[in-house]
Amino acid sequence: MGKAAKSSRKFAASGKLKQAIQSRRKHQQMQKKIQGRRGAHGKGKQQAVTETDGRERDDEEKEVKGVSKGAGKDAKKMTVEDLLGADFMDNDNDAEEDEDDAEGDGLDTDEDEEDLADDQSFASIDDLEDHGTSHMLELAQLAEKDPEFYKYLQENDHELLEFTTTQDGGDEMDEEDDVMDEDDNEEEIGEELPVLTTSILKTWQKALLEHRSLRALRKLLIAFRSAVHMNEDDQVLLWRIDNAAVYTKLVTTSLRYTPIVLAHHLPYKILPNGKFKQPSQSAKQKALQKLTLSYFNNVVHLIPQLTDPETLRLALTESAKILPYVVSSRKAVKTYLKKCLELWSTGEDDVRIAAFLAIRRLASSTDDSIVDLVLKSTYLALVRACKSTSTYRLPSITLMKNSACELFCVDHGATYPHAFGYIRQLAILLRGGMKTKTKEAYKQVYNWQYAHCVDFWALVLGRACDVHAEAERGGQESELKPLIYPLVQVSLGAIKLISNSRSYPFHLHIARSMLHLTRHTRIYVPLTPYLLPIISSTLTASGKPKSSTLRPLDMETHIRAPAQYVKTRVYAAGLVEETVFLLAEWLGSGPVHGSVAFPELIVPITVTLRRTLKNCKELGKEAGMVKGLLERVEDCAKWIDQSRSGINFGPGKMDEVEQWEANVGIDESPLGKYLKVQRKSREKRKRMIDKANKGEDEILED
């Protein structure tokens with residue numbers, strides 16, 4: 001019988017044999033449960049360790065059968081209306097997540113082996129370096145026995161002969177192993193865990209930096225696991241950490257060094273489109289897989305415990321570098337994604353950005369199922385975060401929408417099914433409101449979630465179908481362009497659902513989204529039929545507006561005006577000012593202002609505004625805003641008419657028409673100059689309001 005390996009002797013001396021047997025039994029029970037979920041009970045051949053354990057496993061198998069049957073019945077009851085019904089925004093999809101977890105357990109049968117003792121699970125990693133030493137000896141013997149073949153290798157496969165190992169640092173690590181063995185023996189005698197010190201950490205760091213030692217990495221990650229689970233009673237730990245500085249140093253060392261060592265031993269490919277490919281299958285990859293997965297799960301377990309934003313950002317940044325090695329584990333990926341989405345929704349700005357970069361890194365996988373999971377989970381997290389909007393919540397929601405928009409625009413083909421499904425959900429909610437015409441049905445449309453969803457998809461389609469981005473792609477249209485029409489129809493239909501004055505803020509929100517879509521895609525969206533009635537009904541309302549001491553209503557943080565604002569002068573002034581500005585922005589957009597037919601397009605607009613001004617009797621200041629816009633629009637029409645007076649082509653020559661429209665200087669027109677002034681004044685006022693909300697530049701009187 002040969003001599004036992006060093007790892008085997010070390011495991012036998014540690015006294016963890018009984019625990020390893022129990023862990024293996026637990027793993028066998030888990031496999032039974034997985035087979036129960038798949039409905040394949042009795043097909044696998046499991047060997048019972050004892051008769052008692054066999055009876056226990058049979059009982060658990062019966063329980064799992066009952067649970068799986070119940071879950072199957074619930075799944076069969078799901079209908080299309082359940083998935084796309086009016087409550088989709090408030091549903092947290094807990095049942096769906098449970099089903100995904102069950103599937104994940106079936107896919108990740110090897111993940112539960114990480115419950116084994118770490119020194120036993122990862123002991124085979126030490127043999128990798130011993131294998132490197134034996135490889136060098138074999139090459140030396142080859143040079144003596146077959147010098148001709150050795151010379152051939154030198155000429156054609158020089159990398160094989162330059163094979164390097166961590167043998168240079170082997171002596172130090174062997175000495176450390178001896179110390180560890182002594183510590184284990186002392187642990188058995190005194191039943192006390194060894195204390196991790198700074199000197200031990202420096203030894204590991206030196207081995208990792210100089211030799212990329214896997215043995216040192218294993219020891220470091222075992223200590224890291226002890227640090228992560230140090231306050232839990234049900235965990236078996238191998239190190240005791242008594243110093244806060246050592247704890248911090250251990251965490252930062254593990255986070256920074258692990259990706260470097262793994263990239264050295266298991267390099268992965270990054271494709272030209274930016275997606276990463278998993279490392280190729282090899283003996284070293286199989287040996288390191290459990291160690292990497294255990295470390296990744298420990299990092300995920302550590303993230304909620306961190307309170308320092310800098311350390312939390314470091315954990316997110318460095319854990320994202322491990323994703324190519326663990327992306328095959330569906331369960332670990334889902335848990336990690338859930339933690340990142342929580343931080344992306346609730347953390348500070350720096351933490352939010354770090355969490356989003358980690359999510360985007362996960363979406364760079366070549367696995368389509370992972371990409372679909374990331375897109376779906378990100379959108380649902382955004383919808384949940386948009387349930388309520390206030391002055392303080394609006395900047396974070398805007399950050400979430402912009403970052404999620406970037407994520408959805410990475411792969412237009414993968415985004416299309418999600419965009420189609422969720423825009424269809426908006427249409428179903430609108431259809432329900434138009435059919436039933438009840439208060440509850442109207443609430444399903446006139447809420448913050450609906451408004452933010454429309455705005456989000458306008459951002460996505462505007463970025464994906466932008467004219468400049470399309471030109472960079474060589475004129476190739478985006479796969480998402482066919483979705484512009486249904487989104488516009490759904491948005492304009494939501495505006496027409498309720499037309500009373502209290503709902504005008506919601507109409508303005510939808511109009512802003514459509515205006516953004518018009519600017520970037522240069523697609524004409526008719527907004528005047530929805531903006532002009534707001535101006536007309538406000539200026540020509542019967543009765544004198546009530547004076548009040550209410551402060552102006554912020555249209556960006558309200559979708560429904562409070563009852564006390566109805567028929568007040570302050571509300572009417574705010575509505576007219578905001579609507580006039582949006583109308584000016586729409587008239588100054590490329591598809592309208594840049595059109596050769598601009599003088600003809602504005603005819604119905606000018607007629608309506610003149611009629612409104614003629615019937616307005618009470619709101620003189622607000623009427624002055626409308627009159628100023630009307631004058632600028634008419635001047636701009638004369639400017640366009642003068643510019644096109646020298647053309648010598650007709651409407652049928654579209655190429656020449658498009659070329660002329662592309663050369664129109666919109667910013668230099670009377671309307672363009674008017675918009676510049678309005679934007680500057682609004683930005684200045686917004687900065688003053690933000691300072692007032694934060695309590696800056698306040699003057700306190702005695």
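Residues numbered from 1 in each chain as written. Predicted model: local features only at pLDDT ≥ 70, side-chain atom pairs only at ≥ 80, totals over all residues. Heavy atoms only, no water.

Enquirer: Any chance you could explain the overall build of the chain here in plain terms?
Expert: If you tally the helices and strands in the chain, you get 34 helices and 2 strands. Relative to its full complement of 702 residues, the chain shows a buried share of 46%. Here the contacts in the chain between residues at least 6 apart in sequence split such that 75% fall between residues at least 24 apart. Of the roughly 37,600 Å² that the chain leaves accessible, carbon and sulfur atoms contribute 51%. (Helix = DSSP H or I, 4+ residues; strand = E, 2+ residues; numbered from the N terminus. Buried < 20%, exposed > 50% of the residue type's maximum accessible area, 1.4 Å probe, protein only. Contact = heavy atoms within 4.5 Å. Areas by Shrake-Rupley, 256 points an atom, 1.4 Å probe, with all protein chains shown as cover.)

Enquirer: What should I look at first to understand the packing of helix H18 (residues 349-363) against helix H19 (residues 368-385) in this one?
Expert: Pairs of packed helices are described in terms of their axes, by the angle between the two and the distance that separates them. Axis separation between H18 and H19 bottoms out at 8 Å; the angle between their running directions is 145°. Listed contacts from H19 to Ile359, Leu362 and Ala363 of H18 are Ile370, Val371, Val374 and Thr378. Tallied by class, the residues present in the contact of H18 with H19 amount to 6 nonpolar, 1 polar and no charged. (Axes fitted to C-alpha atoms, helices over the stretch in contact; angles between N-to-C directions. Nonpolar A, V, L, I, M, F, W, Y, C, P; charged D, E, K, R; others polar.)

Enquirer: When you look at the packing of helix H11 (residues 198-211) against helix H13 (residues 244-265) in this model, what are you seeing that I'm missing?
Expert: It is the contact of H11 with H13, at a shortest axis distance of 11 Å, that shows an interaxial angle of 10°. It follows that H11 is roughly parallel to H13 by the angle criterion. In this structure, H11 contributes Thr198, Leu201, Gln205, Leu208 and Leu209 to the contact, and H13 contributes Val246, Lys249, Leu250, Thr253, Tyr257 and Val261. Looking at the contact of H11 with H13 residue by residue, the classes come out as 7 nonpolar, 3 polar and 1 charged. (Parallel < 35°, antiparallel > 145°, perpendicular 65-115°, else oblique.)

Enquirer: Looking at this structure, how should I read unusual backbone geometry?
Expert: Glycine aside, the phi torsion of most residues is negative, and most peptide linkages are trans. One non-glycine residue, Arg212, adopts positive backbone phi at about 55°. We note that Arg522 has phi near 55°; this positive angle belongs to a residue other than glycine. Checked against the element boundaries, Arg522 lands in the loop between helix H26 (504-521) and helix H27 (528-539). Taking relative accessible area as the criterion, Arg522 reaches 40% and is therefore assigned partly exposed.

Enquirer: Please explain a negative patch on the surface as it appears in this structure.
Expert: Together, Asp367, Asp368, Asp372, Asp411 and Glu479 give the surface a local cluster of negative charge. Checked against the element boundaries, Asp367 lands in the loop between H18 and H19. Judged by relative accessible area, Asp367 falls into the partly exposed class, the value being 31%. (Patch = residues over 30% accessible without salt bridge, like charges linked within 9 Å, V, L, I, M, F, W, Y side chains within 5 Å. Salt bridge = Lys/Arg side-chain N within 4 Å of Asp/Glu carboxyl O. Lys, Arg positive; Asp, Glu negative; His and termini not counted. Charge placed at Lys NZ, Arg CZ, Asp CG, Glu CD.)

Enquirer: Is there a simple way to think about the pattern of salt bridges in this case?
Expert: Opposite charge on two side chains lets them pair, provided their charged atoms get close. The final tally for this structure, using the stated rule, is 17 salt bridges. With a closest N to O distance of 3.3 Å, Glu318 and Lys321 form a salt bridge. Taking relative accessible area as the criterion, Glu318 reaches 8% and is therefore assigned buried. A residue is classified by how much of its surface remains accessible, and Lys321, at 38% relative accessible area, is partly exposed. Measuring nitrogen to oxygen at the nearest pair gives 2.9 Å for the salt bridge that ties Glu585 to Arg679. With Glu585 in helix H28 (residues 569-587) and Arg679 in helix H34 (residues 670-694), the pair connects residues that are 94 residues apart, well separated along the chain. Classification of Glu585 as buried rests on a relative accessible area of 5%.

Enquirer: Teacher, can you tell me more about helix H31 (residues 603-615) here?
Expert: Note on helix geometry: an α-helix contains 3.6 residues per turn, so any two residues three or four positions apart are oriented the same way. For H31, spanning 13 residues, the distance from its first C-alpha to its last is 19 Å, which sits close to the expected 18 Å at 1.5 Å a residue. For H31, every residue scored as buried is listed here: Ile605, Thr606, Leu609 and Thr612. With its buried residues spanning 130° around the axis, H31 presents them on a single face. Turning to H31, the residues buried within the fold contact H27, H28, helix H30 (598-601) and helix H32 (620-643). (Expected span 1.5 Å × (residues − 1). Arc of directions from axis to C-beta.)

Enquirer: So what exactly am I meant to see when it comes to the packing of aromatic side chains here?
Expert: This model, assessed by the stated rule, comprises 15 aromatic pairs. Plain terms: the ring middles of Tyr379 and Trp457 are 5.3 Å apart, the flat faces sit at 35° to each other, and that makes the pair tilted. Of the two residues, Tyr379 sits in helix H19 while Trp457 sits in helix H23 (residues 448-464), which places them 78 residues apart along the sequence. Taking relative accessible area as the criterion, Trp457 reaches 0% and is therefore assigned buried. Summarising the aromatic geometry, the rings of Phe408 and Trp457 are spaced 5.5 Å apart at their centres and angled 90° between planes, so their arrangement reads as edge-to-face. Of this pair, Phe408 sits in helix H20 (residues 394-408) while Trp457 sits in helix H23, and the two are 49 residues apart along the sequence. Among the aromatic residues, ring-to-ring pairing joins Tyr379, Phe408, Tyr422, Phe456 and Trp457 into one connected group. (Phe/Tyr/Trp six-rings, centres within 6.5 Å; stacked < 30°, edge-to-face > 60°.)

Enquirer: Would you mind showing me how to read the environment of Lys437 here?
Expert: When you line up the elements, Lys437 lands in the loop between helix H21 (412-436) and helix H22 (439-443). Look at Lys437 and you get exposed, because its relative accessible area is 57%. Along the sequence, Lys437 and Leu497 sit 60 residues apart, while their C-alpha atoms lie 9.0 Å from each other. Leaving out residues up to four positions away in the same chain, Lys437 has contacts with Gly432 and Tyr442.

Enquirer: Looking at this structure, I do not really get a nonpolar patch on the surface. What am I missing?
Expert: A cluster of nonpolar residues, Ile353, Leu357 and Leu399, forms a patch on the protein surface that exposes about 240 Å² of accessible area. Note that Ile353 resides in helix H18. Take Ile353: its relative accessible area is 43%, and that puts it in the partly exposed class.

Enquirer: In this structure, what is going on with the confidence of the model for the chain? I would like to understand it.
Expert: Any segment with low pLDDT has predicted coordinates that should not be analysed in fine detail. Mean pLDDT over the chain works out to 79, with 75% of the residues at or above the 70 mark. Note that pLDDT drops below 50 for residues 40-121; the model gives that stretch 109 contacts with residues more than four away or on any other chain. (pLDDT = per-residue confidence, 0-100.)

Enquirer: Where do I start with the side chain of Ser503 in this structure?
Expert: For Ser503, the position within the fold is in the loop between helix H25 (484-497) and H26. Since its relative accessible area comes to 1%, Ser503 is described here as buried. Contact partners of Ser503, with chain neighbours within four places excluded, come to Tyr446, Ile498, Ile559 and Arg560.

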